4 protein chains.
Amino acid sequence: MVISPKHIQILETAEKLFAAKGFECTTVRDIAEEAGVNLAMISYYFGSKAKLMEYLFEHRTGNIGMRVENLLKNDSLAPMEKVELLIDEHIERAVQQQRFHKIMLCEQVINKNPVIIKVLRKIKIRNTQIIETLIKDGQKKGAFKKPVDVVLLLSTMIGTVNQMLINKTYYRDFNKLDDLTDEQLQALIKKRLSNHIKKLFKAILTNEP
Amino acid sequence: MVISPKHIQILETAEKLFAAKGFECTTVRDIAEEAGVNLAMISYYFGSKAKLMEYLFEHRTGNIGMRVENLLKNDSLAPMEKVELLIDEHIERAVQQQRFHKIMLCEQVINKNPVIIKVLRKIKIRNTQIIETLIKDGQKKGAFKKPVDVVLLLSTMIGTVNQMLINKTYYRDFNKLDDLTDEQLQALIKKRLSNHIKKLFKAILTNEP
Amino acid sequence: MVISPKHIQILETAEKLFAAKGFECTTVRDIAEEAGVNLAMISYYFGSKAKLMEYLFEHRTGNIGMRVENLLKNDSLAPMEKVELLIDEHIERAVQQQRFHKIMLCEQVINKNPVIIKVLRKIKIRNTQIIETLIKDGQKKGAFKKPVDVVLLLSTMIGTVNQMLINKTYYRDFNKLDDLTDEQLQALIKKRLSNHIKKLFKAILTNEP
Amino acid sequence: MVISPKHIQILETAEKLFAAKGFECTTVRDIAEEAGVNLAMISYYFGSKAKLMEYLFEHRTGNIGMRVENLLKNDSLAPMEKVELLIDEHIERAVQQQRFHKIMLCEQVINKNPVIIKVLRKIKIRNTQIIETLIKDGQKKGAFKKPVDVVLLLSTMIGTVNQMLINKTYYRDFNKLDDLTDEQLQALIKKRLSNHIKKLFKAILTNEP
DNA sequence: CATGAATGAGTCTTCATTCAT
DNA sequence: AATGAATGAAGACTCATTCAT
């Protein structure tokens with residue numbers, strides 16, 4: 001399929017609305033109006049609303065992991081350093097693609113569109129394999145404890161980040177951070193998430209205090 | 001409002017379907033058929049589909065925390081023991097009420113029904129306050145480090161559990177646990193979640209290795 | 001059919017609501033709640049909502065005209081005096097039974113329930129006959145001109161009164177009568193209607209200026 | 001809003017059915033079938049059934065009064081001549097737009113849709129102002145008596161015409177006019193209404209016999 | 001290639017009425 | 001005699017999708 005700027009425009013508008021109102025509550029009309037395109041164009045371009053969602057998943061999950069792949073091969077980094085980079089990579093992407101991550105979160109719960117189920121499963125497998133490789137490497141080098149429940153550990157990383165994305169506003173209120181701009185708040189949350197999750201991973205993976 | 005057995009029956013059917021297909025994709029007809037009641041009865045009992053959801057939230061969040069309240073007052077327990085009880089309490093409830101927790105998770109993302117937003121906010125505040133009290137107590141007794149980012153810590157507990165609920169099937173596949181019954185798998189996940197999260201909390205709260 | 005006080009109560013509540021919101025927009029539930037009776041009682045008492053309306057028509061149109069019949073026989077009154085009494089009689093009843101008159105007005109337009117069509121027709125015939133008799137008597141006595149279009153004349157009386165009932169509030173506003181109570185306004189309108197219509201009738205029926 | 005021939009077609013079908021069965025008793029399906037258009041098209045074109053009614057009111061009340069405005073300015077006409085033209089104008093329009101006038105009559109009684117209440121009020125104010133201006137002019141020229149109750153006088157005109165519209169069939173029966181076609185009957189009624197109302201107005205406004 | 005107009009299918013909701021008690 | 005619970009039928013409306021142009 002040829003992807004024109006108009007395709008991107010529609011996809012991003014759809015993403016915004018899906019994240020805000022959910023897939024079902026977003027009408028094709030909403031998307032068309034918000035994106036400033038003709039209503040029929042969406043079916044014309046993507047075939048259907050469901051297919052639009054699938055394209056969105058492809059669009060967002062297409063080119064991930066290049067940097068991570070290289071990271072793994074880099075022998076000059078210690079295992080824990082690699083893990084830390086992975087954590088930061090995930091936080092960065094989750095925050096950058098907040099909307100899409102929210103959509104993914106819901107879609108994982110709902111489980112309806114088989115295509116998306118498949119894409120999600122692929123992502124999960126990929127994620128698990130990467131961290132598994134990393135951990136096994138660390139264990140081989142004696143840097144990490146064994147055994148490690150990889151999925152559980154990954155759940156902590158992904159779950160903590162998701163939960164913080166969901167509770168951004170609540171976090172601001174509870175910690176009385178009203179004077180921060182959205183960008184500042186986001187940066188703060190990223191920093192704190194990073195430190196926090198790294199500490200957690202260290203506790204699970206290493207013997208250091 | 002009087003709650004008859006039929007009310008409960010409808011509520012639980014609705015919960016099941018909402019968790020499986022999402023609120024929007026579940027039609028009132030679905031619920032009526034699955035619950036074996038007349039279509040009109042749902043409006044008759046609950047007023048509307050949206051109200052039904054609200055009643056579900058009330059029904060499920062109504063009487064939580066009695067045990068936790070008592071726990072907090074018990075002076076014979078060490079701070080970390082209290083925290084551990086809290087963790088187990090949460091895991092127990094989340095697994096027991098998996099469906100409802102999935103619904104809550106989605107609703108937090110979507111943010112549509114104001115009544116539910118309010119209920120969710122109340123729950124969050126309650127949860128944060130409980131753990132905050134616990135932590136401050138531990139800090140006063142010198143058992144816990146300071147400072148502690150309460151919301152971040154809570155996000156780890158809730159996020160990890162949610163993520164594991166979502167990935168139950170994936171967890172079985174990845175760890176090759178096909179010979180376990182659903183109950184056994186569930187018990188295993190509960191156990192592992194408990195150990196895992198306790199370890200994480202210890203790493204954040206205490207100085208012990 | 002036995003008419004108990006509860007019947008009356010329901011009928012009058014129904015009348016009030018039918019006049020305010022129309023027959024279709026008034027639900028049986030509305031009537032039951034407003035009347036403080038059980039919902040099922042209305043069907044139980046009257047059979048159906050349509051039948052309730054029919055009973056209302058019977059109830060309100062049952063015992064009219066006794067006074068008028070006597071009036072006609074009274075030989076001590078001049079023809080015009082009789083007509084004037086008739087006019088006042090009509091105004092009095094229309095104002096007293098405003099709600100019912102509004103209902104009748106709508107029902108005449110809508111034409112749906114055959115029973116009510118019949119009742120309305122009977123009333124019309126009766127009214128026309130009475131005034132026709134009166135006019136013929138006046139013509140015989142040389143007091144009234146001939147010919148007279150009875151239905152047209154009646155239309156003026158009934159139409160003017162109806163229109164004023166409908167426009168009560170507008171009449172108050174336009175004539176800046178805000179300081180009057182509802183009762184005072186009503187009395188004023190009755191008085192003015194009476195004078196006005198009598199003048200009109202005189203112009204049509206007699207030769208006097 | 002763009003008004004296509006199909007809009008008009010739907011509006012006129014709706015008008016016909018509203019006049020015959022009332023707004024509430026007319027279903028959108030009725031209108032769609034009678035107009036030979038798709039059911040969804042009515043919402044598509046007008047938004048809702050209520051809005052359709054509002055458009056009908058706008059459509060019918062939009063361009064009234066041009067002729068009347070000019071009439072008022074014409075100095076070659078005597079005050080009573082102007083009044084007579086006004087009466088004929090009203091009769092003509094009421095008979096021409098019988099259906100709509102019936103709808104208006106009912107809507108004035110029921111008072112539900114705020115938009116329509118507003119339109120009706122505007123019409124009433126306009127009507128009253130026109131006739132008030134006419135009458136004041138006549139009074140200044142010494143042609144008319146004073147004082148005159150404008151709303152009462154208007155009620156006679158409008159009420160009489162309405163009542164005759166409602167009772168057309170009855171009028172035919174009572175006066176044994178079965179051999180007349182509908183058009184002939186209508187013409188007769190218009191003629192008689194005109195003479196009748198003019199006579200009434202003369203009686204109220206002037207001193208002549 | 002792009003779109004305005006149109007539509008079939010499906011949704012929630014309301015309501016008068018019924019019926020067992 | 002009276003009623004609380006229940007329901008079948010029908011209503012307005014929405015929406016993704018289609019299709020002629």
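Residues numbered from 1 in each chain as written. Chains lettered and ligands numbered in written order. Predicted model: local features only at pLDDT ≥ 70, side-chain atom pairs only at ≥ 80, totals over all residues. Heavy atoms only, no water.

(A) Quick look at the interface of chain D and chain C. At the junction of the two partners, chain D supplies 45 residues and chain C supplies 45 residues. In total, about 4200 Å² of surface goes out of reach between chain D and chain C, with carbon and sulfur atoms giving 69% of it. By the criterion of area lost to chain C, the three top residues of chain D are Val109, Leu152 and Tyr170 of chain D, representing 16% of everything that side buries. Linking chain D to chain C there are four salt bridges. (Contact = heavy atoms within 4.5 Å. Buried area = accessible area lost by both parts, 1.4 Å probe. Salt bridge = Lys/Arg side-chain N within 4 Å of Asp/Glu carboxyl O.)

(B) Representation of the protein's contact with DNA strand F in the model. Near DNA strand F, the surroundings consist of 28 residues, among which Asn38 and Tyr45 of chain B together with Asn38, Met41 and Tyr44 of chain C are the closest. The sugar-phosphate portion of DNA strand F accounts for 70% of its atoms within 4 Å of the protein, the bases making up the rest. Between Tyr45 of chain C and DNA strand F, the recorded distance is 3.3 Å, taken from a side-chain N or O atom to a phosphate oxygen. The contact in question runs from a phosphate oxygen of DNA strand F to an N or O atom on the backbone of Lys49 of chain D, over 2.8 Å. Elements supplying a minimum of two residues to the surface near DNA strand F: helix 3 (39-46) of chain A, helix 3 (39-46) of chain B, helix 3 (39-46) of chain C together with helix 3 (39-46) of chain D. (Near = heavy atom within 4 Å. Polar contact = N/O pair within 3.5 Å; in protein donor to acceptor, adjacent residues only side chain to side chain. Helix = DSSP H or I, 4+ residues; strand = E, 2+ residues; numbered from the N terminus.)

(C) Structural view of the domain arrangement of chain A. All names here are of chain A. Taken domain by domain, chain A comprises domain 1 (5-57) and domain 2 (63-205). Its C-alpha centre places domain 1 at a distance of 28 Å from the equivalent point of domain 2. The partner domain 2 presents 11 residues to the 11 residues of domain 1 that form the contact. Summed over the three residues of domain 1 that lose the most area to domain 2, namely Ala19, Glu54 and Phe57, the buried surface amounts to 54% of that side. (Domains from an automatic or database assignment.)

(D) Spatial organisation of the protein's contact with DNA strand E. Around DNA strand E, 30 residues are found, and the nearest of them are Asn38 and Met41 of chain A, Lys49 of chain C together with Asn38 and Tyr45 of chain D. At 2.4 Å from a phosphate oxygen of DNA strand E is found a side-chain nitrogen or oxygen belonging to Asn38 of chain A. Taken together, the residues of the surface near DNA strand E break down into 14 nonpolar, 11 polar and five charged. (Nonpolar A, V, L, I, M, F, W, Y, C, P; charged D, E, K, R; others polar.)

(E) A look at the environment of Leu180 of chain D. Residues and elements named next belong to chain D. Relative to the elements of secondary structure, Leu180 occurs in the loop between helix 10 (168-174) and helix 11 (182-205). Measuring from C-alpha to C-alpha, the distance between Leu180 and Tyr55 comes to 35 Å, with 125 residues separating the pair along the chain. Leave out the neighbours within four places in its chain, and Leu180 touches Arg172, Leu185 and Leu188.

(F) Geometry of the relation of the copies chain D and chain C. Mapping chain D onto chain C calls for a screw motion: a turn of 180° about the axis and a shift of 0.0 Å along it, with 0.1 Å RMSD after fitting. Taken together, the rotation and translation relating the two chain copies correspond to the operation of a two-fold axis. Measuring from the rotation axis to each C-alpha of chain D, the shortest distance belongs to Gly159 of chain D, at 1.9 Å. Here 100% of the interface residues in chain D have copies in chain C that are interface residues too; the copies meet face to matching face. (Least-squares fit on C-alpha atoms with pLDDT ≥ 70 in both.)

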